[in-house]
Amino acid sequence: MDIQNLFQKKLLPIALLLLATTSLFAQKVVRYDLYVTDTLVNYAGKEKRAIAVNGQIPMPTLTFTEGDTAEIVVHNQLKESTSLHWHGVFLPNKEDGVPWLTQKPIEAGTSFTYRFPIIQHGTHWYHSHSGLQEQIGMYGSFIMKKRDDDKTFRKGIDDLATVPIIISEWTNLNPDNINRMLHNANDWAAIKKNATQSYAEAIREGHFKTKLTNEWKRMLAMDVSDVYYDKILINGNHTSDLKTIDGKILKAGDKVRLRISNGGASSYFWLRYAGGKITVVANDGNDVEPVEVDRLIIAVSETYDIVVTIPDEGVSYEFLATTEDRTQSASYFIGNGIKQLISPLPKLKYFEGMKMMNDMMKMNGDLDDMGMKMSLNQMDMNVVMYPEITGDAKQKQDHSQHNMDDAPHRYDANALGEITTLNYAMLQSPHNTTLPKDAPVKELKFTLTGNMNRYVWSMDNRVFSETDKIPVKKGEVLRITIYNNSMMRHPMHLHGFDFRVINGKGEYSPLKNVLDIMPMETNTIEFLANEEGDWFFHCHILYHMMGGMNRVFAVDDYQNPYLPNKKQAYNKLQRESNMPHIMVQNDFATNGNDGEAMVQNARWSLGTEWRLGYNDMHGYEVETHFGRYIGKMQWFMPFVGFDYRYRKMGMDEHETNLFGQKNKKDTRSAFSLGFMYTLPMLVNFQAEVYHDGIVRLSLMREDIPISKRIRAGFMVNTDKEYMAELSYVLNKNMGIRTHYDSDMGFGVGLSLSY
Amino acid sequence: MNSLRYLLTALIILSFGVSNAQIKNSKTETLKIYGNCEMCESTIEKAGNLKKVASVDWNKDTKIATLTYDATKTNQDEILKRIALAGYDSDKFLAPNDVYAKLPECCQYERVNKPVSKAAPKTETHDHSNHTATIKKQETNQLNTVFESYFALKDALVKTDGNTASAKAKNLSIAISAVKMETLTTDEHNIWMKVMKDLLFYTEHISDTKDIGHQRDHFMSLSKNMYELIKVSKSETPVYYQHCPMANDGKGANWLSKENAIKNPYYGSQMLTCGSTVETIK
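Under an unreviewed UniProt entry, the name given to chain B is Copper chaperone CopZ, and the source organism is Sphingobacterium wenxiniae.

S.K.: Go over the state of the cysteines, please, and point to the residues and values.
M.R.: Covalent bonding between the sulfur atoms of two cysteines defines a disulfide. For the structure shown, the criterion picks out zero disulfides over all chains. You can see B:Cys37 has no disulfide; the closest cysteine sulfur is in B:Cys107, sitting 3.6 Å from it.

S.K.: Hey, could you go over the pattern of salt bridges for me, with residue numbers and the actual values?
M.R.: All names here are of chain A. Using the criterion set out here, one finds 47 salt bridges over all chains in the structure. Ionic pairing is found between Glu80 and Arg49, a salt bridge with its closest N-O pair at 3.6 Å. Placement of Glu80 in the loop between strand 4 (69-76) and strand 5 (85-87) and of Arg49 in strand 2 (residues 48-53) is noted, with a sequence separation of 31 residues between them. Accessibility expressed as a relative area gives 36% for Arg49, which makes it partly exposed. A salt bridge links Asp284 to Lys512; the shortest N-O distance between them is 3.0 Å.

S.K.: Describe the packing of aromatic side chains, listing the residues and the values that go with them.
M.R.: In total, this model carries 38 aromatic pairs over all chains according to the counting rule given. Between A:Phe464 and A:Tyr570, the ring centres sit 5.5 Å apart and the planes meet at 75°, which makes this aromatic pair edge-to-face. Highlighted residues: A:Phe464 in the loop between strand 24 (456-459) and strand 25 (470-472) and A:Tyr570 in helix 12 (residues 566-576), separated in sequence by 106 residues. Through successive ring pairs, a cluster of aromatic residues spans A:Tyr32, A:Phe64, A:Trp86, A:Phe112, A:Tyr114, A:Phe116, A:Tyr126, A:Phe142 and A:Tyr562. Above the plane of the ring of B:Tyr100 lies B:Arg111, whose end atom (NZ or CZ) is 4.5 Å from the centre.

S.K.: With reference to specific residues and values, describe the side chain of A:Arg326.
M.R.: All names here are of chain A. Its place among the elements puts Arg326 in the loop between strand 20 (315-323) and strand 21 (329-335). Residue Arg326 is classed as buried on the basis of its relative accessible area, which comes to 10%. What Arg326 contacts, discounting residues up to four positions off in sequence, is Trp270, Arg295, Leu345, Pro346, Leu348, Tyr386, Pro387 and Glu388.

S.K.: Give a description of the UniProt feature "domain: Plastocyanin-like" (unreviewed entry) in chain A that names residues and reports values.
M.R.: Residues and elements named next belong to chain A. As annotated by UniProt and renumbered to match this structure, "domain: Plastocyanin-like" (unreviewed entry) occupies residues 37-147, 228-325 and 442-557. A distance of 9 Å separates the end C-alpha atoms of residues 228-325, which is 0% helix and 60% strand. With 4% helix and 53% strand, residues 442-557 has end C-alpha atoms that lie 17 Å from one another.

S.K.: Residue-level account of helix 9 (residues 186-208) of chain B, with values.
M.R.: Side chains three or four residues apart in an α-helix point the same way, a direct result of the helix having 3.6 residues per turn. Residue and element names in this part refer to chain B. Taking 1.5 Å as the rise per residue, helix 9 with 23 residues should run 33 Å; its terminal C-alpha atoms sit 33 Å apart, in good agreement. Most pronounced at Val195, the bend in helix 9 amounts to some 45°. Among the residues of helix 9, Glu188, Ile191, Trp192, Val195, Leu199, Leu200, Tyr202, Thr203, Ile206 and Ser207 are the ones counted as buried. Considering only its buried residues, helix 9 is in contact with helix 7 (143-158), helix 8 (162-178) and helix 10 (212-232).

S.K.: Requested: an account of unusual backbone geometry, with residues and values cited.
M.R.: Residues and elements named next belong to chain A. With an omega of -5°, the peptide bond between Ile57 and Pro58 qualifies as cis. Here Pro58 shows up in the loop between strand 2 and strand 3 (62-65). The phi torsion at Trp100 lies on the positive side, around 70°, for a residue other than glycine. Looking at the element boundaries, Trp100 is found in the loop between strand 5 and strand 6 (111-117). Residue class for Trp100 comes out buried when judged on its relative accessible area of 14%. At Tyr455, a position not held by glycine, the phi torsion is positive, near 55°. Along the chain, Tyr455 turns up in the loop between strand 23 (441-451) and strand 24.

S.K.: Residues and numbers for the sheet that holds strand 16 (residues 278-283) of chain A, please.
M.R.: Residues and elements named next belong to chain A. Read from one edge of the open sheet, six strands run 10-9-14-19-16-17, paired in mixed fashion. Every interior strand has two partners, whereas the edge strands, strand 10 (231-234) and strand 17 (286-293), have only one. This sheet shows a mean twist of 25° between the axes of neighbouring strands, independent of strand direction.

S.K.: Run through the sheet that holds strand 1 (residues 26-32) of chain B, naming residues and quoting values.
M.R.: Residues and elements named next belong to chain B. With antiparallel pairing, the three strands of this open sheet are ordered in space as 1-3-2. Strand pairing shows two members of the sheet lacking a second neighbour, strand 1 and strand 2 (54-58), which therefore form its edges. For this sheet, the mean inter-axis angle between neighbouring strands, taken without regard to orientation, is 15°. Two elements, strand 2 and strand 3 (residues 64-70), share five bridges in a ladder whose sense is antiparallel. Within strand 3, the residue paired with Ala54 across the bridge is Tyr69. Packing of helix 3 (residues 76-85) onto the sheet brings it into contact with strand 1, strand 2 and strand 3, and relative to strand 3 it is tilted by some 130°.

Parameters and conventions
- Residues numbered from 1 in each chain as written.
- Chains lettered and ligands numbered in written order.
- Predicted model: local features only at pLDDT ≥ 70, side-chain atom pairs only at ≥ 80, totals over all residues.
- Heavy atoms only, no water.
- Disulfide = S-S within 2.5 Å.
- Salt bridge = Lys/Arg side-chain N within 4 Å of Asp/Glu carboxyl O.
- Helix = DSSP H or I, 4+ residues; strand = E, 2+ residues; numbered from the N terminus.
- Buried < 20%, exposed > 50% of the residue type's maximum accessible area, 1.4 Å probe, protein only.
- Phe/Tyr/Trp six-rings, centres within 6.5 Å; stacked < 30°, edge-to-face > 60°.
- Lys NZ or Arg CZ within 6 Å of the ring centre and 35° of its normal.
- Contact = heavy atoms within 4.5 Å.
- UniProt positions renumbered as here; feature names shortened; annotations may be inferred.
- Expected span 1.5 Å × (residues − 1).
- Bend = angle between axes of the 7 residues up to and from the residue.
- Pairing = 2+ DSSP bridges.
- Axes fitted to C-alpha atoms, helices over the stretch in contact; angles between N-to-C directions.

Here you go:
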C-alpha cells in the first residue's frame, strides 16, 4: 500500500498537469481470485483427474490494460503444492512463479498473492510451473491491452473485435506415467499414432535400406513429436463456434483478431483457415509488421495474434489447429451459417523423414547440416515428410528427383510449395528495437543436446542438476548463440525478458520470448539484462524441461524475500529436475519368469534382471547392475554388478565357457565389473569380469520392430547361453511373448510391464 | 506352439464376433447430401460408416441419406463432417475446395449451398480474399487482364514449364490485342502507345517456342515494358518489382509479382528464392 500511496502522491499532480492534453492515467488495481481445485473431466471417453481453476479448464482469461497493477490471489485447494508463472510478462523476479527459484511452492491449503505493475501490452498466457500440472489443465490466457492513447496503437488492427484463444492437448494417461514411458523408450505412442516405422512397413514402402541404415546409426524410430494425445482443445473444446463477439453478430467482411497461445505441454500446432489467408500481426505479445501467410506453426508456449476475414455471408469458416504429427486437431468455426471445412493435413511420410535423418546423422551421433546454414525455421527438414509440399509418397518414386536432391532449396517449404508458411525471417518489428550501444556485451554459446533412446535432454551435454547459475551483471547485453545438435526441435523460453531475434531485419529485428530451434539450426538472440533476479531459460516442451534442459541466468545478487536460503532452494530445484524413474517388466511364461526392474535418472542406472524357473533344474538367476551412462549419446555404461544363481545340474555336469573357464558351483554369488556399449544396429555389447576371474561377454538386442506390433529380440553370451524372443504388443503394459532359452527351453507367456 | 495357435484362433474368433455386432443405442435420421452418381454413393457411404458406430445409406436419386448411429458414441455432425471431408456438401458442412476439385468428373455435383462469389473462380487460384473486387475491377480496367495473364506466364516460368509458358504467352498476346485504347486513362494511354509493340513482340516470341531458355530471355524485356505500364495503372492490390542479380549472365534481371515472397522465374526450382523486392507498386 505504501508504494501505491507514493505513486498516487507523486503521479496525481503530474496527471492533473497532463489532463489538458491527454486522458487520465489511472493507477488501477485489477484483482483476480483464483481457486485451484482437483476435478474430474471426461474429454476423451474416460473420467480422469484434472485441475480446474475457478471451476474451469482452461483457467480464466486474465485481462489488464497497460498501466494497471495486477493483484492475483491464488488459493491452493489441491492436495499438492502449486505455482503460477506469467509467461512473457515483465515483472519483479519474486513474482515470476517458479517454485524454488523465485518463491517457495504454494503449499496445499494456503494462499499466495502475486502483485506487479503491468508495464507492457500484448497476448501472453499463464500456467503452473510445478511438475506436470500444466498438462492437466493449468493454463490460461493473459491479455494486456494497449491504452487507447498508446502511440503504437494501430488502426485497423488494435481496434478489431478480439478473441483470446488457448490451444492445448489432453491425454487420458497420467502425465507422470507418460514421462516414465518416454524415458523407458516405450513405443506405445508410436503404435497409437501408426508411426512405429517397423521393418515390415519399411519393406512395404520400399524403404528397407533406409530402416537398416537408421538402425545402423543407432537411431530408434523418430517422430516429429513423442506423446500421443487423445484430444486437442481450443479454449477447452474440441469443436466450437464463434458466432458473435461482444454481442455483435459476425457477418461477411468482418475481420477478427485471434489472440492465440499454445498452452500445450509438448505439441506444436499447424494453424490454417478455410476462409483465406491469415495475417500475422503480433508474435509473443510484440507487434510485428502485418504479414500474410497461408499457414503457420505455433511452437509450444508461443503466442501469435492473427487477423482473419469472413469472406461470405451465411458461411462459417473452419479455423483448424492440427498437431505437428497430424494425428489430431481441433476446430473453431468463425461466422454464421453452413460450415466451410478445410482439408486435413495429409499423413506424414515417415520413411522420407528417416532417410533425411540418416543423411544428417554422423556415426558418432552428431548432426551434420551438410553446409546448409540453417536458421529461423526457414528450412524445415520435415518438408520431405509433407505430402502437400513434396508430393504423395507413391508419386514421388515416378518423378526422378535427382536434380532436386542437391538443390539448395530442397528443405525450403516456401520455395517448394505453392503455399506460404510463416518463418521467423518474415517477422519484423514496427519500431526500432536496438539495444543501447554502450552496454557491455556478454557472449554465450549453447549447444542443445540430448538423446532419444533414454530421453535425456540437456544443454552442452549437461542437465540442469549438473550446472550452476550463470552469473550476469545488471545492464549487460546478453548475446546468446544457440545451436541445436539434437534430433528434436526445442522451443527455448526466457523468463522476464523479450529478446531480439537476429533475423536480418537489422534495427527492426522482432522481439520474442520463445524461440523454436529446429535440429541443426543456429540462431542468435540478444537482450538487455536490466532486471535483477534469477531468470529461468529452458525448453518449453514439458517433458524436456523435466528432463533437465534448463539454465538459470542470475542477474546481479538478487535478495528474494521469499527465499532467504537461495542455495538450498536451488538444490531443491535441481533435484526436482532429475527425478529417478522406474521400470518393471515380467514375463509370466510356461517355462519360468523373465523380468527386469530398473531405477534410472539422467546419468545413473540401477537395474536387476531375473530368470526364475519353476524347478531346480532350470534354476534361479538374478543379476544386478549399477552403472553410469557416459557421453552425450549415452552409448557407454560402465557398471558394477552382483550375480546370484542357484541351479541343480545333476552329476558331474559342468559348464565351460568359450574361454575354457569352468563354473562348477550350483549356487554362485559373484561380484562383477563391466561395461555395456551400444553397437550399431542398436545391439548392446556387455563385458563383465567376476571376482572369481570368470569373464562373460554377451550381445543382445531388444525390441526389433518387425511389424507395427511385433517385436523380436535375442541374446548370446560366452557362457554358451542364448535366447531368442518374439512378442506381440497388446497395449502399453501388456504383450504376448514367446521365447526359447538355452537354460529353460521353450516358453510362451504374458508379459507385463510398468 | 499349440497354445499359441489356440490363442490366435481365439483372438480371430473374438474379432470376428465383434465386427459383426449391431449398432447399439441406434438413432436414425434422414437428411440431404449433395452428390451425383453411384461413385458418389460409395464414397459417401464409405466416409460416413464407422464400424459398430455409424452406418450411412445414400440414395442417388433422391440425394437423401439415412444415418443410423450409436447416439452415445457419435452424433450427426461427426458423420456429416467425415462425408464433407470426402468431398460432399450437406446442409451443415461444405467440403474443402481442394477435395471437391479432386472428385472424378462424374461426381462434380452442383454446389447449391456454396455462396456464388467464391464458387465461380475457385479452381485457378486459391484464397484471394478479394475475388469480388477483382472481377469488378476487370470490367472497369481491362489492363488487369493483361497483368493477370503476365502473372500466369511468370508462374509457368517459375515452374520451369515451357509448354504452359507458351500457352500462357498466347493468352497474354490475346489480352494485349483486346485492349481498347480509347478507354484507358491519359497516363495509361501514353505508356501503352510506347510499350504495346514491344509487349506484343516479346510475348509472341515466348509463345512461339517451348524452349524455357529462350522464353526466359524474352521474359526479361517483356518484364521491363510491363513494369512501365503497371506503374501508371492503378492496381487494387500491391505489385512487387523484384530483382535477381544472377540472371542475364550476372547482369541481373527483374520481374513483377503479386507476392512479396520471391519465386524466381529465371531459375525456377534451381534457385527459387534468389532475389529481392526492389519496389512495391501500389
